Amino acid sequence: MTTEIIATEAGDARITWHPAKKARLVLAASHGAGGGIGARDLVALAEVLPAHGVSVALVEQPWRVAGKKVAPAPKTLDIGWRGVWPALSGPGLPVISGGRSAGARVACRTAVELGARAVLALSFPLHPPGRPEKSRADELLGAGVPTLVVQGGNDPFGRPEEFPDGDHELVEVPYGDHGFAVPKRAPLDQGEAVAIVTDAVLKWVGSLG
């Protein structure tokens, strides 16, 4: 594991690399608006994917590196993501643009522009909680590259059944909330819930060639 600081027009970002020995792809993934790269799904992917030929680059947006508590506007997040892209594509491998929540929105908005091989959208915030009329479906549907959505069955930002039809694949984590946490009464435990995420991503990555 190595880290590097990347200067962007939005400030300094940080990439934490989890390299595969014989990498064929890079998964670049950023965090949401309320958390960092310690999210359970990002940590699990960084642990699992390198053994399968996928280097994982966990990206901390400049606002997180600067120690701020609140994420800036989407436009500023996009600027930060564009700024780290040359480092992500530097190894010369196809890059899957990914993220959770707000990071997933950034990945969708910039995928075609940056030449991403695909998009991984973890806990895509289809709408603010309780505000289904404020849909962000156009960002997802406009990604323009192969897209996998992994969504908690009880995500208040959009349950799987709320998602529109489109070219994306969607995998549900039963009983999962926005962070894929499952209640103690659920018929699957937390480890099983996270395994659904990593298994789905592994299978999908294999289909990308």
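Above: the structure in question.
Chains are numbered independently. Their residues run from 1 in the order of the written sequence. The model is predicted, so local features are restricted to residues of pLDDT at least 70 and side-chain atom pairs to those at 80 or more, both for listing and for counting; the totals for chains, interfaces and linings are taken over all residues. Water and hydrogen atoms were dropped before computing side-chain values, which therefore reflect all heavy atoms in the structure.

Engineer: I'd love a proper account of the packing of helix H1 (residues 40-48) against helix H6 (residues 190-207), names of residues and values included.
Structural biologist: Contact geometry of H1 with H6 gives a least axis separation of 10 Å together with a crossing angle of 55°. As summarised for this structure, H1 and H6 are arranged oblique, according to the angle between their axes. Taken as a pair, H1 and H6 cross one another with a handedness that is right-handed. For the pair H1 and H6, the contacting residues are Arg40, Asp41, Ala44, Leu45 and Val48 in the first and Gln190, Val194, Val197, Thr198, Val201 and Leu202 in the second. Residue polarity is assigned by list, with Asp, Glu, Lys and Arg as charged and Ala, Val, Leu, Ile, Met, Phe, Trp, Tyr, Cys and Pro as nonpolar; anything else, Gly included, falls into the polar class. Its residues placed into classes, the contact of H1 with H6 shows seven nonpolar, two polar and two charged. Lines fitted to the C-alpha atoms define the axes, with helices restricted to the stretch that makes contact. Angles between their N-to-C directions range from 0 to 180 degrees. Comment: elements are numbered from the N terminus, with helices defined as DSSP H or I runs of at least four residues and strands as E runs of at least two. For this classification, under 35 degrees means roughly parallel, over 145 means roughly antiparallel, 65 to 115 means roughly perpendicular, and everything else is oblique. Note on convention: near helix rotated counterclockwise from far helix by under a right angle means a left-handed crossing. Clockwise means right-handed. Whether two residues touch is decided by their heavy atoms; if any such pair falls within 4.5 Å, the residues are in contact.

Engineer: If you had to explain the side chain of Thr8 to someone new, which residues and values would you point to?
Structural biologist: Structurally, the position occupied by Thr8 is in strand S1 (residues 2-8). Residue classification places Thr8 among the buried residues on the basis of a relative accessible area of 13%. A distance of 3.0 Å separates a polar atom in the side chain of Thr8 from the backbone nitrogen of Ala10. Here a polar contact is taken to be a pair of N or O atoms separated by no more than 3.5 Å, where protein atoms must pair a possible hydrogen donor with a possible acceptor and residues adjacent in sequence count only if both atoms sit in side chains. At 2.7 Å, the side chain of Thr8 and the backbone oxygen of Gly11 are in polar contact. Note on exposure labels: buried denotes an accessible area under 20% of the residue type's maximum, exposed denotes more than 50%, and partly exposed covers the range between, all computed with a 1.4 Å probe on protein chains only.

Engineer: Summarise the side chain of Arg100; cite the residues concerned and give the values.
Structural biologist: In this fold, Arg100 is placed in strand S5 (residues 95-100). Residue class for Arg100 comes out buried when judged on its relative accessible area of 8%.

Engineer: Outline the nonpolar core, listing residues and values.
Structural biologist: If you look at the biggest cluster of nonpolar residues, it comprises 35 residues, and the most contacted ones within it are Ile15, Trp81, Val84, Trp85, Leu88 and Phe124. Mapped by element, the contributors of at least two residues to this core are strand S2 (11-18), strand S3 (25-30), strand S4 (54-60), helix H3 (74-89), helix H4 (102-114), strand S6 (118-122) and helix H5 (137-141). At seven residues, the largest contribution of residues to this core is made by H4. The contact partners of Ile15, leaving out residues within four places of it in the chain, are Thr2, Thr3, Glu4, Ile6, Ala57, Leu58, Val59, Val84, Ala87 and Leu88. Core analysis: the second largest hydrophobic core is formed by 29 residues, Ala39, Val54, Ile96 and Ala193 among them. Nine residue types can take part in a nonpolar core, namely buried Ala, Val, Leu, Ile, Met, Phe, Trp, Tyr and Cys, and a core is a set of them joined through side-chain atoms within 4.5 Å.

Engineer: Describe the packing of H3 against H4, with residues and values.
Structural biologist: Following both chains from N to C, one finds H3 and H4 inclined at 60°, their axes separated by 10 Å at the closest point. The angle between the axes of H3 and H4 places the two elements in the oblique class. Relative to H4, H3 is oriented so that their crossing is right-handed. Note on element contacts: H4 touches H3 through Ala102, Val106, Ala107, Arg109, Thr110, Glu113 and Leu114, opposite Pro74, Leu77, Asp78, Trp81, Arg82 and Trp85. For the contact of H3 with H4, the residue count by class is eight nonpolar, one polar and four charged.

Engineer: For H1, give the residues involved together with the corresponding values.
Structural biologist: For H1, every residue scored as buried is listed here: Asp41, Leu42, Ala44, Leu45 and Ala46. Against the buried residues of H1 lie S2, S3, S4, S5, S6 and H6.

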